[in-house]
Structures are given as C-alpha cells and as structure tokens.
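# Coordinate inspection notes
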Amino acid sequence: MATADWNPLGEVYYRKCELYTMEWSGLVDLAKHTVAASSYGGPIALMKDDSKTARVTTTIKPVISVYNAAGKLLSQMRWNSGTVVTMGWSATEELLCVQEDGVVLVYDMFLTFKKTFSMGQEAKDVKILDAKIFASFQGTGIAVMTTSFRIFLISNVDSPRIVRLAEVPGLNEAPNCWTIVVSDRQARALVAKGGELYLVDQGGQFQQQQAELSENAGDITELAVSFNNKYLALCTKNGALWIGSADLQKKYCEFNTSSPMKPQQLVWCGNGAVVALWDKLILVVGPDKDWIKYNMDCSVHLLQEEDGLRIIGNDTHEFLQKVPAVTEQIFKIGSMEPGAMLYEASKEFQKRNQKADEYIRMIKDKLEVAVNQCIQAAGQEVEPGKQRTLLRAASFGKCFLTDYRPELFVNMCQMLRVLNQVRHHSVGIPLTYTQLEHLSMPVLIDRLVLRKLFGLSVRICQYLKIPDAEGRSRILAHWACFKVQQKHEDEEKLARAISQKLLDVPGVSFSEIASQALEHGRKQLAVKLLDYEPRASEQVPLLLKMGQDQTALTKAIDSGDTDLVYTVLLHLRDKMASAGDFFMMIRTMPIACSLYIQYCRQQNLKLVEDLYYQEDNSLEEGNCKVIRSYTLEHLEERAKLLEDAMNCFHRCKNEFAAKQTEEQVRLLRHQRRLEDDTGNSYADLSLQQTLRKLIGDGNHGHVEKLRKEFKVPDKRFWMLKISALAEVGDWSELEKLSKTKKPPVTLEVFVDACMKQYNRTEAVRYVSRVQPEQRVKCLVKVGQFREAAEAAIENKSEEDFDYVLSRLGLADRQVAETVRGMRGQLMARR
Amino acid sequence: MKGGYVRKEFYLVFVPRKSLLCEKKLKELGVYGSFASVEEFNLGLIPFDSDLLSMEMDESYKECYLQNDFTSMFFAAQSLMTLQALYGTIPYVYGKGDCAKQVVDMMRRMKMEMGGVEPQITPQIDNLLILDRNVDLLTPLLSQLTYEGLIDEIFNIKNTNVKLPPEKFVSQEEKKNSKEPLPTEPKKFILNSADELYAELRDKNFNAVGAIVSRKAKTITAEFDERHAAKTVGEMKQFVSKLPHLQNVRASLGIHTSIAELVKEVTDSDEFLDSLRCQQELTHGIDTDKVNPYIEDCIAREEPLSKVLRLICIQSICNDGLKPKVLDFYKREIIQTYGFEHMVTLSNLEKSGFLRPHAARTYQVIRKTMKLIVEDVNEQNPNDIAYVYSGYAPLSVRLAQYLARPGWRSITEVLNLLPGPKVEEVQQIPMGLRKRRASVTSSQSSMGEQKLTLVFFLGGVTQAELAALRFLAQQDDGGTDYVVATTNIVQGHRLIESLQEHIEPVKLNPF
C-alpha cells in the first residue's frame, strides 16, 4: 500500500522514509557527539562532546570526523586548536569551526585546512558565548554573541566583513536563545530576553517585538526560523509552542506540549510544520494545532531541508516530508484525479486486464494532465521501483496522445537517473527532486567534484550532453589539480597521465594545473605541464614565477604578443644583476632585441647606441651617433661625435657613409669659419644652402672654394647659381653667366629662374636665344601665347600646338580666341 | 561650489588599444592609481566603407621592416580572429610575404589558444588573401591617377576626411554679397560611398571624371526643369518628393566640380606631368641603370625631398636595385642639397627594401608575366585594372586577380621571384556549417556562385589599388566580390615620410 507510511496532519499528510542504513552503525553514538550536517544532502561532521558524556573533562583534544550522508567516513582528524563553540557548513560545503576566541577555521570536507579569519578584536578579547551559521542572501554568514552580549556578524564567509549589530537594551545576562532572521537582503538577530523579543539590525536600530502568547507561557526558551525565513516557531518555559510569521505579526497557533523540559532541537520541516525533539521523541506540529508523534529507537539529530527534514540516527538516516500534492493526488485512497486513473489503468494493463481501457476512457480528455501528474509524482519518489511504475504509467498514457511534447518525460527520466546515482550510498547525497531544482545541475556536479568523484561527474556530464567547456573539461582540470597534489606519484608518469587525458580535451587550462603543482612544491611537474598550455598569456607569467626565464621569453616571442614580450623583458632587466648579462641573454633573439631597442629608443637614445655597440652593429651605432650629434649644441662636441660615427662606418666597411660624415665635419668647420669671417650664420645649412647664401652675398671666392672641395657637379652648381642670382635680382651677373661658353644647362633654366621671381622682362631676353625645340615651351612660360602658337606652326608640330592650347587657361581671353583660330593655319601648313 | 574642494574622478580609456608600456609609464609617474578605472576601447578594424576596413596604424610598414617590431601584425591577426568570430571561419587562406606568413601563423596559434571553440556560423567570406606590402613596393610609389587617388596624393585623405582650401567652395554670389572676409580655415569633407556621386567618381581615372560630371550636371538640370512640365497637382507632388534628393545631388555636384578643378590645377602643371613621364619611363624599364636626368634636375631644383626619394625608389625597384655608382651619386646629391641629416633616412630606405644594391633581375620577368604594363589603356571605359595608373597594373591586384582565375599555380614562377614565403592554407569547417553548393536545378545557381574574397593588405593599400579591386568585383565574368581590410591607407609621400628619420637639430651654440 503506497499510503501505509502516511500520517495525516490536518488536511495534509506527512511521510517518513528511510534514506540509508548508516554505515557508521554500531561505531558511533550520536548522543556523545556534537553534530553538524549540511543541507542539500551534504556531509555530516561529528565532534566528540565530553560534556555530553558527562565524564571528567580531559585535556585531550576532541576528534572531528566527517561522514557522507550514508555514514561513510570521509576523513578524520584530531582537533589541535582552541575550543570549538559551533561547527557548521557553508553553502560550498566547507566546514566552518568557530572557536571560543572568535577565530573561524575553514576546512574542506576532507578536513584540509583552507583559511582562517577572525570575528573581530572584541570577540577575541572577551570570548564568545555562542555562534550561529546561517544562509545569507550572499552565501553563508556567521554571527557570534560575545560574553558581553554583543552580536557581531558577517554576511559572507568568502569575504568576511564584520558588522556589529545593535545592542539589546538592558541585557545583562545571557539571553535564553537567539537566532538570525534574513529578510530584505539583511541579516538581523532576534534575541529573547525573558519573555520579550528584540530584533536588532546592522544599522544600530532595535525593535521590541511581541509574540501573542498566553499569559502564563513564561520565558521564551527556543527559537526556530523556517527555511524560507518567513515563519517563526518558539518554545516557552511552560511548554507552549507558538507558530507564526517571522515578523511576529501573525499567529498561526499556540500548542501546549505540556513539557516543562526545553526541546533539544526545535526545527522546521520544510515550511509547513514545526518539529520538536526530546531525546527519542519527535513531535510534529502543524499550523492548525494538529500533531504527529514519532518514537525513535535512539537519540537523533534533525536537519532542516527546503522541502522536509532529515533525521540522522545511529542506525538509519530518514527523511520526513509533507506528502507532495501530486503524490497525494495519485495515491490517496479513492482519488479520482486523472493521474490516479492513469496509474490504475497502467497497472491493469500490466495485468492484461481490459479494465485498463475503461480507466483510460474515463479520463480521455484529461489524459495530458494525467501524464504530467504521473511524471511529476515519479520525481517525488525515492525508490527506483516506485519511480519506474509511475513513469511506466506516464509512458502508457502518452501512447494515447498524438502530439504530446516529450521533453518533460525525457527530462524527468534523466534527472531521476542522475538523482538515483548520487543517492547511492557510496556517494551519499540524498537530494530530492525539488532540492535539485533549487540547487541546479552545475552545482551538483561541482559538489561531486568536491567529493573527488571525477569519473561519476564526467559520466553525468556526458549523459546530460553538457558542453565540454562547462562539463568534462572543467572536471578533468579539477582532476588534474587533485592529481598533482598526490606526492607519492612519479612526476614523469603523472605529467604523461595528465597530458594524455587532457590534451584532446578543449579548453583545459594547463596553467591552472601547473600553478597548483607549483603551490605544492612540484616545480618540475609544473614546468612539464605548463608546456602543454596553449595560451601564452597564461603560460608566460607562471614561467617567470618559476624562474624559467629563457622559456618564458621564447614562448612570449612565439605568441607575437608584444605586451607579453615586454612583460618578460622588463622583468628580466630588473632581475638581472648587470645590463650586460641581460643583453647577453636576449641577443640571440632578434625579436626580443628589436623590441627592447624600441623601448630604449623611447627612453634614451644613448642606451640604444650602447646596445648596438654590444651587438657589434656598427652601422646602426653610427646612425645613432649621427642622430644624437644633432642634440649637441657645441660644435666641437658635435664634430667629435660625428668622428666617432665615422669610425663606426669605417668599421662596418661603409666607406660611403664614412666619407659623407667626414665631409659633414669639414662643412661644419667651414661654416664656423665663415661665420667668424662674415658674421652671418650658416649653422645647420646644407652645402647647397650654404652655397646659395654665399652666392647671394656675392662671396664668390668662398663659393668656388667650397665647390671644388666638395666636388659639386657642374650642372647642379649652374642651376644653383642661376636661381640664387635670380633670387637676389643680380640680373647682370645672370646675363654674364648665360653668355659663358658651353654652359652645362639650357637657357630654359634661365627663363624658369626669372619667371620664378616673376620677372617677365628678364625672362623674355633669354627666350629669343633658346633652342628652337624648346622655344614653344619657353614662350608659353613667359605668357606669349600667340608667339608660341606661331612658333608651333612654324615647327609644323601639332604636339606643340596642342601644348599651347592646353595652357590657354592662363591666357587673356582675346589672345586665347586668336590662338584657337590659328589652328587652321597649322592644318594648312601640313 | 563656492570655495569647496570638489573631488574629481578620472577615468582612463585607451583607444585604440591598451599598452603595457604606457601603463608602466603612468605607474612610474605615480598617477596610475588615481584613475577610477582604466579601460580599453579596442577599435580593431574600423569600417570606412561598405567594402573597406582599416586599422589606421600608419606606422605599420616602418615598424615591421625597419624596426623589426611585429606588434601591428599581432593586432592584424587579432582583428582577423574577431572578424571570423563574427562572419565565420574563412575556409581558404592565401598569403604572400613574410608578414603574411607571420599573421597566418599567429592566427593558427590564436585558434589553438581558443581551445577548439569555433564560431558556429556558416562562413560568409570564402577566401582570405593576405598581401604583404613588401611584395609590391612599386605600386604605392607611383602617382595614382584615379579621382580619389589624386585627392589623396594632393590633399591627404585622413580617416576618410579631407581638408581643402576654402576659396573654391564659395559661390560667386556669396563672394559678392558677403562683406566679411572669405573663410581662410580649410574646408573639411567626408569622402565615402554614401555620397552617390562620389561613389561613381572615386574609382574613375581622372581623365574620365570631367565627362561624368558634365553629364550628371545635364541630367540634374533636366530633372529640375521637369517642374515646368508638371501641370497637375499630382505631378507637382511627385516632383516635390524628389526635391531633397535632387538638391543633394546638386550640392554634391557643386562640391566635386570644385574639387576636380583643384585637382586639375595640379595635374596640368609641368611638375606633375614631367614627374609622371619620368615614372612611366622607369616602369617601362627605359635607362633605369643610369642616373636619371629628371631626378637629377629635381634635386638641383630642390624639389620636395619625398618626391625625389619616391622617384629614386621607383628607379631602384624597376632596375632591381641600383648600381653602387648610381646609388652613391644620388645619395651624395641628396646629402649635399638637403642636408647631412638625411643620411639616416637613406639608410632607413635601404634597410626597409626601397633602395637596394644591384641584385638578380626579376622586375622584367614579373612585369611581362603579370602584364603590369598595358599599352593603350582605355581611361573612359576601362577593360583592365591598369587604368588606375594609366597603363600600369598594380602587382598586388594582379595577384588577387590571378588567384581568382586561373589560380596561383599558373604563376608559381613569379611567386618564387617575389620576396617572402607563399602561404596556402585550408581551415576546416565543420560539416554542418559548410556552404551548400547550389544544386543544378536551383534557380540561383548562376547568381549565388559569386564568391567573396577578403584581401588584407599588411603595410597599407592605396586608393588606386582599392579602385582596381572594385573594378574587378564589377566585372561580369569575375565571379569574385572583394572586401578589403588594411592596416592603413597609404600613398607614396606618406609611405616615404613614415620612413624618414625626423631629426630636430638643436641650435648650434655660436661660441
């Protein structure tokens, strides 16, 4: 009978089912331990509690053991720190141990120490009385009450920031009980002082709150906030159990337990009922004063879950929950719900009974609802057998539907398969479907990885077709990180094993694994692993950290990422004792060299020069010296540096450059001498400019001297002289020059020079003497278009005539007209 | 805020990208910590037009070939990865030149670093052709003769903006009416294909521009005249609705008439024509082994150094390097005329491959095989890409053309003569993402076969090369559409200037 273990609580039913037979059975007595279990099927930590055994207190430190939910021992250690006040688990399944002095020690579930932090100076100075570990909106929070009755609180153990809560007025003895209520993204403390309740917050405000209690209820002795922080239950000295909303505005009921004893634990079962525990007696009270009583065989520990309550005992691990609505609809005796009908039909069908057909007919138009109900109900069952019959019913119903979307069914099958796997006692995560929905699949996989169940998690990822980047690759990376910590394995073998498994897996960060190996002092392994890292930006910094400078540099260069190369270069430069060593190291790598030179160029040119010198690159060294010479303002210094440059050029057999440099030095000295002689400045002029200036000044003697000394070609010299004379308007000298025998330039140059100074009259003088073939062009140049046209006609050259035509844009309009009219003459001549 | 101390927050955003050295400098200066945040706005490839992306890294060629610093290639590879993440992995990758090889290697590495996460997009680009400027140094040195190329040569287009002398853009009436002095600030124009008229003009040989402008002017006048013909309210309404468009076209026509006039002033000048003649002689290989008298005269006339250097570099390339005597002569002339400080510039040009000592003869072979010189090119209705330089076809674009048809295998010999390695790589595309080949029955079979090739120029591309590629894309039988990405847009002067060593001498102390 499916409903055999159902107990009615008012309108609803509660059921208790066994999750595990504990592996620790016979070895552990919970009565002698402090118990801390983690919600969402998490592990259980036990600490032997001397006060519970009531023996003589010894100085021997207690032992802390961590078990999975099935009672399988995961790890054990002897506590060797201060007195632990409270133990608890964080949302990421880390064991938090709060010590008397306010120090919190964080361990993973294998009791590997992770980190520690303090709850503040005051807590350290005056010690703490009690601590609460709670789920905050940011993660897991811790609140402590000091012996001076102040409460300090952190909202997130991952980034501890201590906040002091307001003080409860007139509190001068330890409160009977207190708890943390999280609402509106803020954690507040609810403190019971006698029969009064105070809500204190982080802003320094307190608020007295009144629970509507019967008169002789007495002091409040116990408080319990529901999983969703919406409801509150409290016990009083005289055995009254009050249930209401968390803000105390609403009262659901006041139930008299008539027990003068304070319950050992007062907790919520889901959000629907309050459970009180007295040694071996469990009392479940609903909001309408209905109640159920369970007698246990031994002392137990209760743990609130989102949708129920876990009862951890010496021999068994049970789960108490409200029978889910959908389960009730199907299995409740006499239920006429479509789901129930379909379930019956399926059962009859298995028996080959024609009644199946009758049932189906009854729910024909509600068949889809029926199928959905069966699927959902399957999710609520723990036993695979029950899941199967329900799914079979759903599948049977599906046959009668033509276009039923299968996602729901397939999805449920997959989820149940995963759930059944993780519920297995070797894994020991007794999650319900509702909890899994809240926890989400990625978090579940993370939790499996935390338990080092790499194989199972990879298989789940593959089964659920989770992309490799989020699933398999990530898990394998964790596996490798775990692997490198195992000191007994041979490095060579390990590196090979890891690379074999991971090389074809995309997106695995080898650098992360390597850095993990490095952290555990396995440098050689780290180096080997890092070699597999494809991302240079990850690889290089780590190589530097390990002192693998040469490799780091090579990898950085290979990547082509300049910033990365600079990172290495600057790191090396600062690290190396001498600049020489540094340069020796990079000189074999041309890219590194060039980049470093680039960097130096921006800093200091002299540095570049030195680098080239070390590199034996005399040409570049010379060039640098040439450039640098221009930054010196004294002639002799400049000349000296240029002479150095000249030697460099000699060294690299660049005789041309050497000669030019030498000439430049000579020119500089000439210019200085000229300056001294004439008082004019010739500084920084080229030879040509110097000559031009001298010609303009009429200093022909020096011109001739320089011309000879520097072997200026005739033609250029002539052109220079012509334009220089024209510039200064020395027309007579210019004419004299034009009459020299065998000039190396044509008369056109004279025309050009005159026209450049806008002196048409002078220009025209030369036009008449111009060679016939240049005549037309020169006439155009001086603007005598008509004459030019005539000359063209005389030459019988159409080309020349066209040239004249193309230039008419600059001519007077009348002239232009005339010239255009002359085309006929040209034709006639031909 | 009276007298009160106002605390200011400073934010630092690196554009176009963050640099480690820059951050280091800020740290050294002790101000890095005072920024509220330090961010990077990585520009990568900036879309300039519907078929053009540029990274605007003007120093890219200099960094690679002069300073041996391949940072810009890393950024180019990164930008290509981004492009592939957006438009799918490009199945076929071709490249020529050292830098092209580097970029392809880096891309392969980056792909590996991503750990197999590939863009799940059907490739929209079929081929990637990466061309290293070093493979074809001649093209950017020559004077471009397309409309846009000439604007760039004469006025320098910067980030698609050009600044022009304002006088031409004031209408006659305005000149008369305004009492204020004429504007002296240069007038700024944005040049891209959003301007309908410019889209038509930009890639034309300048000799064809006049005809198009006057034809357009006629049609626009005719369209304006339609209003006289409009009789009914309906016709009038139709005309009015066209009005904004017509006015836009007319305004743009005015602008381009003025720009064309400005350009023509230059192209008609003797300097320009003589220089062009000289360039043509050199590219034809006439007397390239002797000192060129025109270049000699240019030096003697002290014409701008970049023009002189440009011509000498052309000669060096067309002659496969200069004889030591000729080279030394030029160098000496330059040093004597323009100053000794230019010796470093000359050394830079030698180092970066523009000036070479005499080497094996390859230019003639390449010129003939690749048909770089095309006689009687039709400038108005071109039938070959050579129209962009009035008779010279840019080698870079020829390489793209041969790649599309008949394939590089036919020019293996030339590819071996060109500097740097050749890259041919196939990037595997997962089955599901492959482009479906149009089936025989598909009605689209003739239409949908157009392939898209991305040509990435490392070290810059000229406007004329762009024009040539656009011309190829428009050919009916081409079968290939081109999109161009580049590190920057170059022309000869800018390229040469980027290699010049800028020395600012301190004043010599006269004592």
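In the nomenclature of an unreviewed UniProt entry, chain B corresponds to Vacuolar protein sorting-associated protein 33A isoform X2 from the organism Aplysia californica. Check the Sequence similarities (unreviewed entry) section of the UniProt entry for chain B; it says "Belongs to the STXBP/unc-18/SEC1 family."

Under an unreviewed UniProt entry, the name given to chain A is Vacuolar protein sorting-associated protein 16 homolog, and the organism recorded is Aplysia californica. One UniProt comment on chain A, placed under Function (unreviewed entry), says "Plays a role in vesicle-mediated protein trafficking to lysosomal compartments including the endocytic membrane transport and autophagic pathways. Believed to act as a core component of the putative HOPS and CORVET endosomal tethering complexes."

All names here are of chain A. Between helix α16 (residues 536–545) and helix α18 (residues 562–575), the shortest axis-to-axis distance is 10 Å and the interhelical angle comes to 5 degrees. Here α18 runs roughly parallel to α16, going by the angle between their axes. For the pair formed by α16 and α18, the contact residues are Ala536, Ser537, Val540 and Leu544 on the first element and Leu564, Thr567, Val568 and His571 on the second. In the contact of α16 with α18, the residues fall into five nonpolar, three polar and no charged.

This next bit is on the interface of chain B and chain A. Tallying the contact residues gives 54 residues for chain B and 65 residues for chain A. At the boundary of chain B with chain A, total buried surface from both sides reaches about 5000 Å², with 53% on carbon and sulfur atoms. It is Gln336, Phe340 and Leu508 of chain B that lose the most area in chain B upon contact with chain A, and together they represent 15% of the buried surface on that side. The tally of links between chain B and chain A comes to five salt bridges. Our count for the contact surface shared by chain B and chain A stands at 25 residue pairs in polar contact (both at pLDDT 80 or more). Residue assignment for the side of chain B that touches chain A shows that the elements contributing at least two residues are α1 (20–28), α3 (71–87), α4 (98–113), α11 (270–283), α12 (293–300), α14 (324–338) and α15 (342–351) of chain B. When residues of the side of chain B that touches chain A are assigned to their parent elements, the largest contribution, nine residues, is made by α14 of chain B. Residue composition of the side of chain B that touches chain A, by class: 21 nonpolar, 12 polar and 21 charged.

Taken as a whole and assessed by the stated rule, the structure comprises 81 salt bridges over all chains. For Lys739 of chain A, the salt bridge goes to Glu735 of chain A, with nearest N and O atoms at 3.0 Å. By relative accessible area, Lys739 of chain A is classed as exposed at 52%. Accessibility expressed as a relative area gives 23% for Glu735 of chain A, which makes it partly exposed. Among the salt bridges present, the one from Asp384 of chain B reaches Arg398 of chain B, with a minimum N-O distance of 3.1 Å. Linking Asp384 of chain B in the loop between α16 (363–369) and α17 (395–404) with Arg398 of chain B in helix α17, this pair joins segments that are 14 residues apart in sequence. Of the two residues examined, Asp384 of chain B and Arg398 of chain B, each falls in the buried class. Several salt bridges share partner residues, and in doing so they unite Glu609, Glu621, Lys625, Arg628 and Arg651 of chain A into one network.

What counts, and at which threshold
Residues numbered from 1 in each chain as written. Chains lettered and ligands numbered in written order. Predicted model: local features only at pLDDT ≥ 70, side-chain atom pairs only at ≥ 80, totals over all residues. Heavy atoms only, no water. UniProt positions renumbered as here; feature names shortened; annotations may be inferred. Axes fitted to C-alpha atoms, helices over the stretch in contact; angles between N-to-C directions. Helix = DSSP H or I, 4+ residues; strand = E, 2+ residues; numbered from the N terminus. Parallel < 35°, antiparallel > 145°, perpendicular 65-115°, else oblique. Contact = heavy atoms within 4.5 Å. Nonpolar A, V, L, I, M, F, W, Y, C, P; charged D, E, K, R; others polar. Buried area = accessible area lost by both parts, 1.4 Å probe. Salt bridge = Lys/Arg side-chain N within 4 Å of Asp/Glu carboxyl O. Polar contact = N/O pair within 3.5 Å; in protein donor to acceptor, adjacent residues only side chain to side chain. Buried < 20%, exposed > 50% of the residue type's maximum accessible area, 1.4 Å probe, protein only.

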